[in-house]
Amino acid sequence: MIRTKRVYVVINPAAGRDEPVLNTINDVFVEHGVQWDAGITHGPGDARRLAAKAAEEGYDIVAGYGGDGTQMEVVNGLLGTESTFAILPGGTGNAMAFELGVPRTLRAATELICTSRLTRAVDVGRSCGQNFLLRAYTGPRPEHLATREEKNSLGLLAYPLATFRVLVNLKESSYRITIDGETFEDRGLACFVFNAGSSGGIPANLPSVSVSDGLLDVFLLSGHAHSPLALASFLLDPNSADTHVHFWKGREITIESEEKQPIWLDGEPAGETPGHFLVQPGALSVIVPSPTRQV
């Protein structure tokens, strides 16, 4: 239960939407008598620094306006503090907003901050000295992922385009995966560690993945997945017979690969394999709507 509403908003002006951010936020907060301040990011690391400073200064709620990368930075600044996190979707995919039922329009998401009395304890993953909300993965090279230009021009279509580009360029490797002390070895194209199952506005979802179950979900995509049918199966139904995916759950995961591979956390580069991943159960308190108010 949130008793007071002193809000700090971290705003990424380079987010993928073209909308009057400050005017909209101010209109809603003034209407509800909410005291608020804001900080603007100018580059990587700014959102984390601003969020940490706001929490230190005693703001009840720290909100992030931007895409999933901005939200991840804000979360990195808030963990271990008393501040509650709020999502103001301003990016292309906004997967965490979809995951938690947060409205995808700025005005409605701001209204939620003012009116909701409900929060949800959300798990947070950790690897390479950083935290992540959605997923970690190995395998893809930086040049094959969706670019900012593609996101701006294509919107959500940039993601399936990049997924196809990644898939056709992946090379099979031997993996050694240790989950809660038990080791598995197999060959595959890429390894995914999911904390949340939503992929934003794309129809791809992993309903078996919960952001509040205290577990991480590990998927190893096998070499048989190079066909378009297998790729479609993985995106639309990971339990399909055509998916060619090995699946495990656990609290602590180590991934080793035959050759060093990049590690990505919520779409941002974070290092190389071997990678160590662990879950921090219920580490983050997030403002959410009641089930009947999800938009």
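Residues numbered from 1 in each chain as written. Predicted model: local features only at pLDDT ≥ 70, side-chain atom pairs only at ≥ 80, totals over all residues. Heavy atoms only, no water.

Caption draft 1: Here's a closer look at the packing of helix H2 (residues 46-56) against helix H3 (residues 68-78). One can describe the packing of H2 onto H3 by two numbers: an axis separation of 7 Å at closest approach and a directional angle of 40°. As summarised for this structure, H2 and H3 are arranged oblique, according to the angle between their axes. As H2 packs across H3, the resulting crossing turns out to be right-handed. Here H2 contributes Asp46, Ala47, Arg48, Ala51, Ala52 and Ala55 to the contact with H3, which in turn contributes Thr70, Glu73, Val74, Asn76, Gly77 and Leu78. Residue composition of the contact of H2 with H3, by class: six nonpolar, three polar and three charged. (Axes fitted to C-alpha atoms, helices over the stretch in contact; angles between N-to-C directions. Helix = DSSP H or I, 4+ residues; strand = E, 2+ residues; numbered from the N terminus. Parallel < 35°, antiparallel > 145°, perpendicular 65-115°, else oblique. Left-handed = near helix turned anticlockwise from the far one by under 90°. Contact = heavy atoms within 4.5 Å. Nonpolar A, V, L, I, M, F, W, Y, C, P; charged D, E, K, R; others polar.)

Caption draft 2: Layout of the side chain of Gln71. Relative to the assigned elements, Gln71 resides in helix H3. Here Gly64 takes part through its backbone oxygen, which lies 2.9 Å from a polar atom of the side chain of Gln71. Looking at Gln71, its side chain comes within polar contact range of the main-chain oxygen of Gly66, at 3.2 Å. Every residue in contact with Gln71, bar those within four places of it in the chain, is listed here: Gly64, Tyr65, Gly66, Phe85, Ala86, Ile87, Leu88 and Leu133. (Polar contact = N/O pair within 3.5 Å; in protein donor to acceptor, adjacent residues only side chain to side chain.)

Caption draft 3: A look at the environment of Cys114. Note that Cys114 resides in helix H5 (residues 106-115). Given a relative accessible area of 8%, Cys114 falls into the buried group. Cys114 sits 107 residues away from Val7 along the chain, and the two C-alpha atoms are 9.5 Å apart. Residues within four places of Cys114 in sequence aside, it is in contact with Lys5, Val28, Phe29, His32 and Val34. (Buried < 20%, exposed > 50% of the residue type's maximum accessible area, 1.4 Å probe, protein only.)

Caption draft 4: Quick peek at the packing of aromatic side chains. Enumeration according to the criterion identifies eight aromatic pairs in this entry. A centroid spacing of 5.3 Å and a plane angle of 65° characterise the contact between Tyr8 and Tyr59, whose relative ring orientation is edge-to-face. On the criterion of sequence distance, the pair formed by Tyr8 in strand S1 (residues 6-11) and Tyr59 in the loop between H2 and strand S3 (61-66) is long-range, its members being 51 residues apart. Both residues of the pair, Tyr8 and Tyr59, belong to the buried class. Consider the rings of Tyr137 and Trp264, whose centres lie 6.5 Å apart with planes at 15°: the pair is stacked. A residue pair is termed long-range when its members are at least 10 positions apart, and Tyr137 in strand S7 (residues 135-138) and Trp264 in strand S14 (residues 262-265) qualify at 127 residues. The structure contains a cluster of three or more aromatic residues connected by ring pairs, namely Tyr137, Phe192, Phe194, Phe219, Phe247 and Trp264. The lysine or arginine in question, Arg104, covers the ring of Phe98, its NZ or CZ lying 4.0 Å from the ring centre. (Phe/Tyr/Trp six-rings, centres within 6.5 Å; stacked < 30°, edge-to-face > 60°. Lys NZ or Arg CZ within 6 Å of the ring centre and 35° of its normal.)

Caption draft 5: The sheet that holds strand S15 (residues 268-272), seen in detail. Strands sit in the order S12-S11-S10-S7-S14-S15 across an open sheet of six strands; the sheet is antiparallel. Every interior strand has two partners, whereas the edge strands, strand S12 (245-250) and S15, have only one. Geometrically, the sheet is characterised by an average inter-axis angle of 20° between neighbouring strands, direction not taken into account. In the sheet, S7 pairs with strand S10 (residues 190-194) via four bridges, with the strands oriented antiparallel. Bridging across to S10, Ala136 finds its partner in Val193. (Pairing = 2+ DSSP bridges.)

Caption draft 6: Geometry of the pairing of strand S4 (residues 84-89). Among the six residues in S4, six count as buried, and that is most of the element. Judged by which residues are buried, S4 turns out to be covered on both faces: Thr84, Ala86 and Leu88 on one side and Phe85, Ile87 and Pro89 on the other are all buried. As judged from the six bridges shared by S3 and S4, these two strands associate in the parallel manner. For Ile61, the partnering residue across the bridge sits in S4 and is Thr84. Handedness of the S3-H3-S4 crossover: right-handed. (Right-handed = clockwise from strand over helix to strand, strands pointing away.)

Read these as geometric descriptors, not functional statements.
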